[in-house]
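Structural description and commentary
The chain contents come next:
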Amino acid sequence: MTGTLDFYPALRLQRLGSVAVVQPVWESGEPLPALTVDLETGSLAASEHPHVTSDFVPCFGVLGMLRLEGGPALVVITGVSAAGIVREHLVLKVTSTKVLYDTSHKWSKSDKKLLKLLAAGVDPKQYGGSLYFSHAGDITLTAQRAERVAADPQTAAARAWQRADLDVTWNAALARPLLDAGLDAYVPPVFMGFVEQLNGLDFLGGGRQVSLGVTLIARRSRHRPGTRQWRRGADQQSHVANYVETEQIVSDGEGALLSSFVQARGSLPLLWSQTPCLKYKIPLRLAPPSASAPVFAGHADRMVEVHGAVTAINLANQGGREGVLSAAYVAAADAYAASRSGFRLVPFDFHAMCGATNYARLSVLWDELAPDFERYGAFTRDGASGAVAGRQRGVFRTNCVDTLDRTNVVQGLLGRKALEATLRALGVLAPGAALAAAYPEAERRFRVAWADHGDEVSRQYAGTGAMKSAFTRTGKRDVWGLLDDGAKSLTRYYLNNFQDGAKQDAIDLVTGAFVVKTGREVQFRSQPSPALPLLAVLVAIVVAFQNAGRILAGQDQASSGALALLGAFVQRVVLLLILALGVVIFLFKNGRRFVDQPQLRKDAARPWGSDSS
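Residues numbered from 1 in each chain as written. Predicted model: local features only at pLDDT ≥ 70, side-chain atom pairs only at ≥ 80, totals over all residues. Heavy atoms only, no water.

Per an unreviewed UniProt entry, the protein carries the name SAC domain-containing protein and comes from Auxenochlorella protothecoides.

1. Examining the UniProt feature "transmembrane region" (unreviewed entry) in the protein
Our working definition: UniProt positions are given in the numbering used here, feature names are shortened, and annotations may be inferred rather than shown by experiment. Secondary structure elements follow DSSP: runs of H or I no shorter than four residues count as helices, runs of E no shorter than two count as strands, and numbering proceeds from the N terminus.
Taken from the UniProt record, the annotation "transmembrane region" (unreviewed entry) applies to residues 531-549 and 561-588. Annotation note: span residues 531-549, helix share 100%, strand share 0%, distance between end C-alpha atoms 27 Å.

2. Comments concerning helix α17 (residues 562-589)
Applicable threshold: To estimate the expected span of a helix, count its residues, drop one, and scale the result by 1.5 Å. The bend reported for a residue corresponds to the angle between axes fitted to the seven residues ending at that residue and the seven starting there. When a residue's accessible area, from a 1.4 Å probe over protein chains only, is under 20% of the maximum for its type it is buried; when over 50% it is exposed; and in between it is partly exposed. We call two residues in contact when some of their heavy atoms are within 4.5 Å.
Here α17 is 28 residues long and its end C-alpha atoms lie 38 Å apart, about the 40 Å a rise of 1.5 Å per residue gives. Approximately 35 degrees is the largest bend angle found in α17, and it occurs at V570. Regarding α17, the residues found buried are A568, V573, A580 and L587. On its buried face, α17 is in contact with α16 (531-552) and α18 (591-594).

3. Quick notes on the UniProt feature "domain: SAC" (unreviewed entry) in the protein
Those places that UniProt annotates as "domain: SAC" (unreviewed entry) correspond, in this numbering, to residues 129-463. Here residues 129-463 is 39% helix and 22% strand, with 10 Å between the C-alpha atoms at its ends.

4. Some thoughts on the packing of helix α10 (residues 405-425) against helix α12 (residues 440-462)
Put simply, the rule reads: The axes are straight lines fitted to the C-alpha atoms, using for helices just the contacting stretch, and the angles between their N-to-C directions are given from 0 to 180°. Just so you know how the angles are binned, under 35 degrees is roughly parallel, over 145 roughly antiparallel, 65 to 115 roughly perpendicular, and the rest oblique. Here a crossing is called left-handed whenever its near helix is offset anticlockwise from the far helix by less than a right angle, and right-handed whenever the offset is clockwise.
Packing of α10 against α12 leaves a shortest axis separation of 10 Å and a crossing angle of 140 degrees. When the interaxial angle is binned, α10 and α12 end up oblique. Every pair of crossing elements has a handedness; the one defined by α10 and α12 is right-handed. Of α12, the residues touching α10 (which contributes N408, Q411, G412, G415, R416 and L419) are E443, F446, R447, W450, H453 and G454.

5. A look at the sheet that holds strand β1 (residues 11-16)
What counts here: Think of it this way: DSSP has to see at least two bridges between two strands before they count as a pair.
Pairing is antiparallel across the open sheet formed by five strands, whose spatial order is β4-β3-β2-β1-β5. Strand pairing shows two members of the sheet lacking a second neighbour, β4 (44-47) and β5 (57-59), which therefore form its edges. Sheet twist, expressed as the average angle between the axes of neighbouring strands with direction ignored, equals 25 degrees. By the bridge criterion, three bridges tie β1 to β5 in an arrangement that is antiparallel. What sits directly across from L11, in β5, is C59.

6. Considerations on the pattern of salt bridges
Selection rule: Salt bridges are identified by distance alone: a Lys or Arg side-chain nitrogen within 4 Å of an Asp or Glu carboxyl oxygen.
Summed over all chains, the structure comprises 24 salt bridges. We note a salt bridge from R219 to E247, for which the minimum N-O separation is 3.0 Å. Here R219, found in strand β11 (residues 208-220), pairs with E247, found in strand β12 (residues 244-252); they are 28 residues apart in sequence, far enough to count as distant. Like R219, the residue E247 is buried in the burial classification. For the salt bridge of R459 with E456, the shortest nitrogen-to-oxygen distance reads 3.4 Å. Remark: E456 and R459 occur in helix α12; sequence separation between them is three residues, near one turn of the helix. Here the salt bridges share partners, and the residues they tie into one network are R228, R232, D402, D405 and R492.

7. Overview of the packing of helix α9 (residues 362-376) against α10
Relative orientation of the contacting elements α9 and α10 amounts to 50 degrees, with a least axis distance of 12 Å. Overall, the two elements α9 and α10 adopt an arrangement that is oblique. As α9 runs across α10, the sense of the crossing is right-handed. Of the residues in α10, those in contact with L362, L365, W366, L369 and F373 of α9 are V409, V410, L413, L414, K417, A418 and A421.

8. Focus: a nonpolar patch on the surface
Going by this rule: Within this analysis, patches are made of residues with over 30% relative accessible area and no salt bridge. Like charges are joined at 9 Å or less; nonpolar side chains (Val, Leu, Ile, Met, Phe, Trp, Tyr) at 5 Å or less. Under the convention used here, a 1.4 Å probe and the Shrake-Rupley method define accessible areas, while residue burial counts only the protein chains that appear.
Taken together, the side chains of L532, L535, L538, V539, V542 and V543 define a hydrophobic patch exposed on the protein surface, amounting to about 530 Å² of accessible area. Residue position: V542 is located in helix α16. By relative accessible area, which is 39% here, V542 ends up partly exposed.

9. A closer look at the packing of aromatic side chains
We count it as follows: For Phe, Tyr and Trp, where Trp contributes only its six-membered ring, two rings pair if their centres lie within 6.5 Å, and the inter-plane angle classes them as stacked under 30 degrees, edge-to-face over 60, or tilted in between.
Considering all chains together, one arrives at 16 aromatic pairs under this definition. Taken together, a centroid distance of 6.2 Å and an interplanar angle of 70 degrees make the contact between Y336 and F343 edge-to-face. By relative accessible area, which is 6% here, F343 ends up buried. Among the aromatic side chains, those forming a connected cluster through ring pairs are F261, W366, F373, Y376 and F396.

Here's what the structure looks like:
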């Protein structure tokens, strides 16, 4: 390698029978060692190899390798696009991947299924989401953590994988065989999330024009990963579903960092579940407080240790079904506060306070959060010297029930407040002035970036963009936004019930939540589909209405006379509708049997006990 690169930036992939060769591209000097992978035995080596000049596929890194019963599968990155420059390092987004395995081998039915799940799990067009990496720099780390690592002589001298934040490194499990073999130069740490960069935001201050950039980076935790309904709440290790840290970086016109503000989102840190069963409003299951207490404490302890202090914002309803969760959250937080400090819970019933359109009431929440916001601050550097000027001393942790839609509205609010604080410190925004009034174009672009962020985080977890994103994007809540939310809600219902089981399996396989064990074949069972019963219901309804139309129009000669008319109506209409209703009732009473269930980690949906009830 040359320069400050930690990983080979350009590679050529060549297939030679059952051997895959991944060779770095070099311009001059000594040839670089090529990675060779025997796809029959799984043996790995870095050695000299004849220069690959033809019959190759360009690639940009290796995601890792999965060892199956029938042999290994190698995953490589074959397409990337530039996402931005973070702390002077180019960030790349994965646009395509390739899974290589021994095609001459007769794979078992189970291994074929696992290979299919692996391919889908790393494919950005399927379940691979948005994957990002850099050939240089520690972009899995926030700016403040990266500065601490660089300041410590021991960690500063460590190799890239030893510095990386493994909690957000999506390919940590896949990379392990190559890391154990000392082949880390081929395998960059990859995170799932979001990166968007706004450049050329112009501001005025002190009679001069200042050009700034804003970058949003979301990093999704690889712990308790998965889909909206199959992964809720916490697990026994105190990891929560849908945990994402979002960093907002403000940089100068040259790209030098001026400020970094980090906030987090994550499912309510209790043991609870809400698994699909065909019902639109899914029953909620909550573990006893005695079971949730140590899990909550572990999660709070970890956050306080990492961030210094935590203000947890619960946007779920305080009454109804959500109110049961909210009350349990308050009880757990109060019990924690009785013996420990650093974790403060702020309940805010978003729906009760803001309704469908009155988002101006968010000012009530801001008044409650403002003192903590001032106390926590942000990580900042002096614009002239580059020296550290301030550190962030706490974090806001936001959730609703899905931790998507209401959450993104409030995170966008906090992001705007952080940007305004940076602009005031730079002297380009007057005290008390708002970004929207002073710089409407910057406000517009900022809103769009936060809406894009919310949509992508939502797609990874729920399969659709975020609801309420129209408000985040435009600052207005109108009927079109309500209609958009309705369409997304129906789409989520379909995905959660009929597609997310396979997606959950793919994610569990890629992240290592499920570990393939040698000598133990994975058993996949066929799952009944509601397609045929629902088709029968549809046919029965259509035929019933056609019969009713003919009878009422007098087209059916056999229905002449009042009694005959009534009898025909009962036989040809009512009985068909009763049959259709009976099938629907049967489906919903046995809904858990007909949804697309994950099969690799059946225990993880309800980690404190069986979810068969």
